[in-house]
Amino acid sequence: MSEEDQQVPPTEEDVKGDNTPINVKVVSSSGEEVFFKIKRSTPLRKLLGAYANKVGKQEHTIRFLYDGARVAQTDTPKSLEMEDNDTIDVMVEQVGGCSP
Amino acid sequence: MGFTDRQPIHTLWRTLGKNWLDTMVIDSALELISQQVCSDAEASQIIIQNSELIAKLVYLFGGEEEKIAEYAECTWVKLIAEEIFDGGKTLLTIAHLGKLPAAKGDKEGLDHWVPVGVDGRNSHFLYGDSLCGKKTPVIPPILLKALEAWKDHHTFQKFTISQMNICIQKDNNSCGVCAINAVKHLARPHVVDVVKPNSIACARMQMLIKIVTHCKDSLQMRNDSVPVVSASEASDMSNIEDSDIKMSSVSAVLDVIDGEFTFQPPGAKRQTEEPGGVSETATISGPLKRIGSENSTSTLGLLSPAAKPDRRSLAGFFVAITPEEKAKADKEEFLELE
């Protein structure tokens, strides 16, 4: 077998690399969009912090949803298998008890 | 913690006492119900969804103009719709009425949790309100409009409004507990009864015990290095009923009440901040620095070497950019934080 035959073609993951930045759209509950560029290995906690800073809210008052599921602070784009130009929904933390 | 968002357990402090419940508690309880439903053959037609679904539907369909294009991209909402309107399943969730006024003239609604459902098989919108007493609850117009419009995208069937069985609260703090109980009852009526008003405190404590037990079991499994939860374990975990409260669970609750979080895995960093505080490894500080036009309100970026920020700021992790700058930013070198 020749040396050329032993060469394995690079996979898509190899080409992309683990840390290739992707673009992420963060959409608030009122429809405002903010675009971020984030590494695949970066915890989304940092994105949450940046977004909160951007919109002038405290981190604990908002939360991220990806594909309808709550995003953990330790989740990364890689762990959630996010793709370029994916959307993250922002939801505002609510409190309720109500007086009769 | 054992839930999807893996928040530390102290974020559930509102479960204690007479505190109003927040989204964190409501969604954690809904997640538990969802797991119980998954292991119950008699509840196979039930879908439990977190409270954000209603907020998303109201955003998409509750305004003056429906956001059709955005709905087309919102795969998870469409999948739920297919299960309901095509598969005949029943969706159950809880909505917050803060942005859903009861009358058209009102600007805001109450800080109030209510159970909401969509029964695809019997063509019902399900709604309950723990404040309504013997009166028939009225769905806020915006919520009804959103549900109707969502339904119209998938079926021409006419839906009617059906009232959910729910405990009537006689205090000013337990609408969340009542709403959770109503969802549990509708999902598994053969297992869970509607709680009585004088038993709400007990129901609240049982909910906390279940949540803590779930967290404890999850952490034990993690510490035992079990990579995958077996079917039997998952079944055991999700079959915890009101009558199955163990002594270990009760002591766990007492520990939490005393302010001690005994379920931290060995070697894990202990969370010491107040609820909602910045996590222990947060490195973000200071304002984001603007680049580009001063008039560009949405321009926010740290890519440019000229605008290189403090090392503890956000550069290297991500930047926020306008769509116009996105293509330009793609060409620039992505800075890494050392």
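Residues numbered from 1 in each chain as written. Chains lettered and ligands numbered in written order. Predicted model: local features only at pLDDT ≥ 70, side-chain atom pairs only at ≥ 80, totals over all residues. Heavy atoms only, no water.

Draft legend 1. Structural view of the overall build of chain A. The number of helices and strands found in chain A is 3 helices and 6 strands. Each helix (α) and strand (β) of chain A, taken in turn from the N terminus, gives the series α-α-β-β-α-β-β-β-β. Scored against the burial criterion, the 100 residues of chain A give a buried share of 47%. Summing over all exposed atoms, chain A offers an accessible surface of approximately 4,900 Å²; the carbon and sulfur share of this is 45%. (Helix = DSSP H or I, 4+ residues; strand = E, 2+ residues; numbered from the N terminus. Buried < 20%, exposed > 50% of the residue type's maximum accessible area, 1.4 Å probe, protein only. Areas by Shrake-Rupley, 256 points an atom, 1.4 Å probe, with all protein chains shown as cover.)

Draft legend 2. Seen up close, unusual backbone geometry. All names here are of chain A. One non-glycine residue with positive phi stands out, namely glutamate 81, at about 55°. Mapped onto the secondary structure, glutamate 81 falls in the loop between strand S4 (69–70) and strand S5 (86–92). Exposure remark for glutamate 81: the relative accessible area of 65% places this residue in the exposed category. Here asparagine 85, not a glycine, exhibits a phi torsion of approximately 70°, which is positive. Position of asparagine 85 relative to the elements: it lies in the loop between S4 and S5. Residue class for asparagine 85 comes out partly exposed when judged on its relative accessible area of 44%.

Draft legend 3. Highlighting the layout of surface pockets. Here the second largest pocket is characterised by a volume of approximately 410 Å³. Around the second largest pocket, the lining is made up of 21 residues, and of these Ser29(A), Gln94(A), Ala55(B), Val58(B) and Lys99(B) lie nearest the centre. Going through the elements one at a time, S5 of chain A together with helix H2 (52–61) and strand S3 (90–96) of chain B are the ones with two or more residues in the lining of the second largest pocket. Sort the elements by how many residues they give to the lining of the second largest pocket and H2(B) lands first, with 5 residues. By residue class, the composition of the lining of the second largest pocket is 9 nonpolar, 9 polar and 3 charged. (1 Å grid on protein atoms, 1.4 Å probe; cavity = no way out; pocket = protein on both sides within 12 Å on 5 of 7 lines; lining within 4 Å. Points joined across faces, edges and corners; volume = space filled by probe spheres on them. Nonpolar A, V, L, I, M, F, W, Y, C, P; charged D, E, K, R; others polar.)

Draft legend 4. Seen up close, the sheet that holds strand S5 (residues 124–127) of chain B. Residue and element names in this part refer to chain B. If you walk across this open sheet you meet the 5 strands as S2-S3-S4-S5-S6, and the pairing is mixed. Because the sheet does not close on itself, it has two edges, and the strands there are strand S2 (46–48) and strand S6 (160–163). The sheet shows a mean angle of 25° between the axes of neighbouring strands, direction not considered. Across 4 bridges, strand S4 (residues 113–119) lies against S5 in antiparallel orientation. Its bridge partner lying in S5, aspartate 119 is registered against histidine 124. Along the sheet face, helix H1 (residues 23–38) touches S2, S3 and S4 and points at about 150° away from the line of S2. (Pairing = 2+ DSSP bridges. Axes fitted to C-alpha atoms, helices over the stretch in contact; angles between N-to-C directions. Contact = heavy atoms within 4.5 Å.)

Draft legend 5. Main features of the pattern of salt bridges. Evaluated as defined, the whole model comprises 11 salt bridges over all chains. Residue Glu93(A) pairs with Arg63(A) through a salt bridge whose shortest N-O separation is 3.9 Å. Residue Glu93(A) is located in the loop between S5 and strand S6 (95–96), and its partner Arg63(A) is located in strand S3 (residues 62–66); the two are separated by 30 residues in the primary sequence. Of the two residues examined, Glu93(A) and Arg63(A), each falls in the buried class. With its nearest N and O atoms 3.1 Å apart, the salt bridge here joins Arg63(A) to Asp27(B). With Arg63(A) in strand S3 and Asp27(B) in helix H1, this pair bridges two chains. It is possible to trace a salt-bridge network through shared partners that takes in Arg63(A), Glu93(A), Asp27(B) and Glu52(B). (Salt bridge = Lys/Arg side-chain N within 4 Å of Asp/Glu carboxyl O.)

Draft legend 6. Inspection of the packing of H2(B) against helix H4 (residues 75–86) of chain B at higher detail. All names here are of chain B. Two elements in contact, H2 and H4, have axes separated by 11 Å at closest approach and are oriented at 100°. Classified by the angle between their axes, H2 and H4 sit roughly perpendicular to one another. Here H2 contributes Leu53, Lys56 and Leu57 to the contact with H4, which in turn contributes Trp76, Val77 and Ile80. Looking at side-chain class alone, the contact of H2 with H4 contains 5 nonpolar, no polar and 1 charged residues. (Parallel < 35°, antiparallel > 145°, perpendicular 65-115°, else oblique.)

Draft legend 7. The arrangement of the confidence of the model for chain A in detail. Of the residues in chain A, 80% reach a pLDDT of 70 or more, and the chain-wide mean stands at 81. Below a pLDDT of 50 lies the segment residues 1–8 of chain A, which in the model reaches 1 contact outside its immediate sequence neighbourhood of four places, other chains included. (pLDDT = per-residue confidence, 0-100.)

Draft legend 8. Examining the confidence of the model for chain B more closely. All names here are of chain B. Per-residue confidence for chain B gives a mean pLDDT of 71; residues scoring 70 or more make up 64%. Confidence drops under a pLDDT of 50 for residues 226–320, and excluding neighbours within four residues, the segment shows 166 contacts in the predicted structure. Scored below 50 in pLDDT, residues 329–338 makes 25 contacts in the model with residues more than four places away or belonging to other chains. Complex prediction metrics read pTM 0.69 and ipTM 0.77.

Draft legend 9. Region of interest: the pairing of S5(A). Residue and element names in this part refer to chain A. The buried fraction of S5 is high, at 5 of 7 residues. In this sheet, S5 lies alongside strand S1 (residues 22–27) in parallel orientation, the contact comprising 4 bridges. Directly across from lysine 25, in S5, lies its bridge partner threonine 87. As paired elements, S3 and S5 share 4 bridges and run antiparallel to each other. Following the sheet pairing, arginine 63 is matched in S5 by methionine 91.

Draft legend 10. Looking closely at the pairing of S1(A). Residue and element names in this part refer to chain A. Of all the 6 residues making up S1, 6 are buried; the element is thus mostly covered by neighbouring parts of the structure. The two faces of S1 match: Ile22, Val24 and Val26 on one face and Asn23, Lys25 and Val27 on the other face are all buried. In this sheet, strand S2 (residues 33–38) lies alongside S1 in antiparallel orientation, the contact comprising 6 bridges. In the strand pairing of S2, valine 26 is matched with valine 34. The turn linking S1 back onto S2 is made up of 5 residues, and glycine 31 within it adopts a positive phi angle of 95°.

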